[in-house]
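If you want the building blocks of each chain, they are given just below.
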Number of protein chains: 2
Amino acid sequence: MPARKRIDRERVLGVSLALADANGFEAVTLASVAKALGIRIPSLYNHVAGLPGLRYEMALWGLRQLGDDLRRAAVGKAGDDAIISLAHAYRAFAHTHPGIYRATLRAASPDESELVAASQDVLDVVLAVMEPYGFSPDDQLHIIRALRSLLHGFVDLEIGGGFGMALDRDESFGQLVELFVQGLHARQVRAVDR
Amino acid sequence: MPARKRIDRERVLGVSLALADANGFEAVTLASVAKALGIRIPSLYNHVAGLPGLRYEMALWGLRQLGDDLRRAAVGKAGDDAIISLAHAYRAFAHTHPGIYRATLRAASPDESELVAASQDVLDVVLAVMEPYGFSPDDQLHIIRALRSLLHGFVDLEIGGGFGMALDRDESFGQLVELFVQGLHARQVRAVDR
DNA sequence: TTGACAAACTAATCAGATTAGTTTATAGTC
DNA sequence: GACTATAAACTAATCTGATTAGTTTGTCAA
């Protein structure tokens, strides 16, 4: 009877990514992916290493895409403008790809070199934007953690429906970014004083 | 044969909460809870409304506890001190109860009145602390969203192993809170100017 | 033409959630 | 002290999903 339906790893991943954004990260099961592809569940094991393997690939794809988006957003901008642009690109990615965004939150273990590299690539973009502010290397990292916390926290709560009040979320986000930038300047002044 | 092992809803919830913090939110299954209690899975349905019901109760317990902790932390303090104390209490809760913290992230639907009330109670504590800064009601809410994003983002990344660098996390958190407070002051000054 | 391989399949097992229906310990009543 | 209603346990059955083992079959290249 059947064999060959021209399915490869890319098709599997593509369908999984689409399902994640359409129905949520949790909705990406081997069952739902196989159904979308018109094949039986065990056939998927010819292309990906089970559900954990599929999730790994989703995380990798997402992190790479996020890195690209952030790089694109920061190009040709400097200082506060660059940070603001970065922030909006981060949020836009999470909005466009809510399910994939969740997938990227998987922590990379040191032996997962591709994922580590993709994470480093994202970090590099932010480091480049933070460079001109002249903080010490450690402070730079502390500040990047703060920015990442702020962005992740906001979009995670937003996606999860955690903001109950009927209050414009775009406005909230704008003020949040502004607040970060102002806090950054305050710290910068203080650092120069020393 | 058997009946009566003196198990009630509180015992079920208690075991579930303990499992969540010990092994993670995902590890709280009806199977693991039943095993810990020494009963069969279906017996749990005498006490909780399945897994969704159990998760609801965990979220409710967690939100109430968080509200209590925050209130305790803010008592007798004002202004920046109160905010800093609140921030550290928030993080401490997430550290002490990582699994329960995850459970609290469940968005409350309007008909889940107990959960809505518990969420409101948490919000009230933060509103009270923010009150003296003199922002407009809307701005107050925007700023609270920023604070919540910052805190949630940090602890979520922290718990999830998202901070890869070997850099002191306590120090990062301290700087993050400081940055927020300074951003707050910058916004306050600006608001007064108008 | 044919044979090796990739990629599909079926079958079987396991874990977990849920529902239906059954049994029994115990608390409260007569 | 016996009796009965009920709460709280149970077994059995079903369902979904993941995984592994082993089988079959197109297709490409020699």
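The notes below deal with the structure included here. Please read all numbers here as calculations on a predicted model, not as lab measurements. (Residues numbered from 1 in each chain as written. Chains lettered and ligands numbered in written order. Predicted model: local features only at pLDDT ≥ 70, side-chain atom pairs only at ≥ 80, totals over all residues. Heavy atoms only, no water.)

Points about the packing of helix H4 (residues 79–96) of chain A against helix H6 (residues 113–130) of chain A
Residue and element names in this part refer to chain A. With their axes 9 Å apart at the nearest point, H4 and H6 run at an angle of 155° to one another. Here H4 is positioned roughly antiparallel relative to H6, judged by the angle of their axes. Each of Gly-79, Ala-82, Ile-83 and Leu-86 in H4 lies in contact with H6, whose residues at this interface are Val-125, Val-126, Val-129 and Met-130. In terms of residue class, the contact of H4 with H6 is made up of seven nonpolar, one polar and no charged. (Axes fitted to C-alpha atoms, helices over the stretch in contact; angles between N-to-C directions. Helix = DSSP H or I, 4+ residues; strand = E, 2+ residues; numbered from the N terminus. Parallel < 35°, antiparallel > 145°, perpendicular 65-115°, else oblique. Contact = heavy atoms within 4.5 Å. Nonpolar A, V, L, I, M, F, W, Y, C, P; charged D, E, K, R; others polar.)

Concerning the packing of aromatic side chains
Scanning the entire structure with this criterion turns up six aromatic pairs over all chains. Judged by centre distance (5.1 Å) and plane angle (55°), the ring pair of A:Phe154 and A:Phe173 falls under tilted. Taken together, the residues span a long stretch of sequence, with A:Phe154 in helix H7 (residues 137–159) and A:Phe173 in helix H8 (residues 169–193) at a distance of 19 residues. As far as burial versus exposure is concerned, A:Phe154 and A:Phe173 are alike and both buried. Through a chain of ring-to-ring contacts, three or more aromatic side chains come together here, namely A:Phe154, A:Phe163 and A:Phe173. A:Arg145 extends its terminal NZ or CZ atom over the ring of B:Phe163, reaching a point 4.8 Å from the ring centre. Directly above the aromatic system of B:Phe173 lies the positively charged group of B:Arg91, at a separation of 4.9 Å from the ring centroid. (Phe/Tyr/Trp six-rings, centres within 6.5 Å; stacked < 30°, edge-to-face > 60°. Buried < 20%, exposed > 50% of the residue type's maximum accessible area, 1.4 Å probe, protein only. Lys NZ or Arg CZ within 6 Å of the ring centre and 35° of its normal.)

A few points about the environment of B:Leu17
Residue and element names in this part refer to chain B. Following the sequence through the fold, Leu-17 ends up in helix H1 (residues 9–23). A C-alpha to C-alpha distance of 8.8 Å links Leu-17 and Trp-61, two positions 44 residues apart in sequence. Excluding its chain neighbours within four sequence positions, the residues that come into contact with Leu-17 are Met-58, Trp-61 and Ile-100.

Notes on the relation of the copies chain A and chain B
Rotating chain A by 180° about the axis while translating it 0.0 Å along that axis superimposes it on chain B, leaving an RMSD of 0.0 Å. The operation mapping one copy onto its partner corresponds to a two-fold rotation axis. Taken as a fraction of all interface residues of chain A, those also at the interface in chain B reach 100%, which identifies the copy contact as same-surface. (Least-squares fit on C-alpha atoms with pLDDT ≥ 70 in both.)

Observations concerning the packing of H7(A) against helix H7 (residues 137–159) of chain B
Contact geometry for H7(A) and H7(B): axes closest at 6 Å, N-to-C directions at 105°. The angle between H7(A) and H7(B) falls in the class roughly perpendicular. Counted together, A:Ala146, A:Arg148, A:Ser149, A:Leu150, A:His152, A:Gly153, A:Phe154, A:Asp156 and A:Leu157 of H7(A) and B:Ala146, B:Arg148, B:Ser149, B:Leu150, B:His152, B:Gly153, B:Phe154, B:Asp156 and B:Leu157 of H7(B) form the full contact between these two elements. In the contact of H7(A) with H7(B), the residues fall into eight nonpolar, six polar and four charged.

Considerations on the pattern of salt bridges
Following the criterion strictly, the structure yields 17 salt bridges over all chains and no others. B:Arg64 is the partner of B:Glu114 in a salt bridge, and the nearest nitrogen-oxygen pair spans 3.8 Å. Here B:Glu114, found in helix H6 (residues 113–130), pairs with B:Arg64, found in helix H3 (residues 50–74); they are 50 residues apart in sequence, far enough to count as distant. Several salt bridges share partner residues, and in doing so they unite A:Arg91, A:Glu158, A:Arg169 and A:Asp170 into one network. (Salt bridge = Lys/Arg side-chain N within 4 Å of Asp/Glu carboxyl O.)

Things to note about the side chain of B:Gln140
Residues and elements named next belong to chain B. With respect to the helices and strands, Gln-140 occurs in helix H7. According to the relative accessible area criterion, Gln-140 is buried, its value standing at 7%. The residues contacting Gln-140, other than those within four sequence positions of it, are Leu-127, Met-130, Glu-131 and Phe-135.

Section: the nonpolar core
Formed by 128 residues in total, the largest nonpolar core has its most connected members in A:Met130, A:Phe180, B:Met130 and B:Phe180. When sequence neighbours within four positions are dropped, the list of residues in contact with B:Met130 reads B:Ile83, B:Gln140, B:Ile143, B:Ile144, B:Leu147, B:Phe180 and B:Leu184. (Core = buried A, V, L, I, M, F, W, Y, C linked by side-chain atoms within 4.5 Å.)

What about helix H2 (residues 30–37) of chain B?
Residue and element names in this part refer to chain B. Within H2, burial applies to Leu-30, Val-33, Ala-34 and Leu-37. Here the buried residues of H2 occupy an arc of 100° about the axis, which is enough to place them on one side. Opposite the buried face of H2, by more than 90 degrees, sit the exposed residues Lys-35 and Ala-36. In this structure, the buried residues of H2 make contact with H1 and H3. The first or second residue beyond H2 is Gly-38, which carries a positive phi of 75°. (Arc of directions from axis to C-beta.)

Quick look at the interface of chain A and chain B
Counting from both sides, the interface comprises 37 residues of chain A and, opposite them, 37 residues of chain B. For the pairing of chain A and chain B, the buried interface totals around 3,500 Å² over both sides, and the portion due to carbon and sulfur atoms is 62%. Where chain A touches chain B, the interface holds zero salt bridges. Where chain A packs against chain B, one counts 16 residue pairs in polar contact (both at pLDDT 80 or more). Those elements that provide at least two residues to the side of chain A that touches chain B are H7 and H8 of chain A. Taken together, the residues of the side of chain A that touches chain B sort by class into 15 nonpolar, 11 polar and 11 charged. (Buried area = accessible area lost by both parts, 1.4 Å probe. Polar contact = N/O pair within 3.5 Å; in protein donor to acceptor, adjacent residues only side chain to side chain.)

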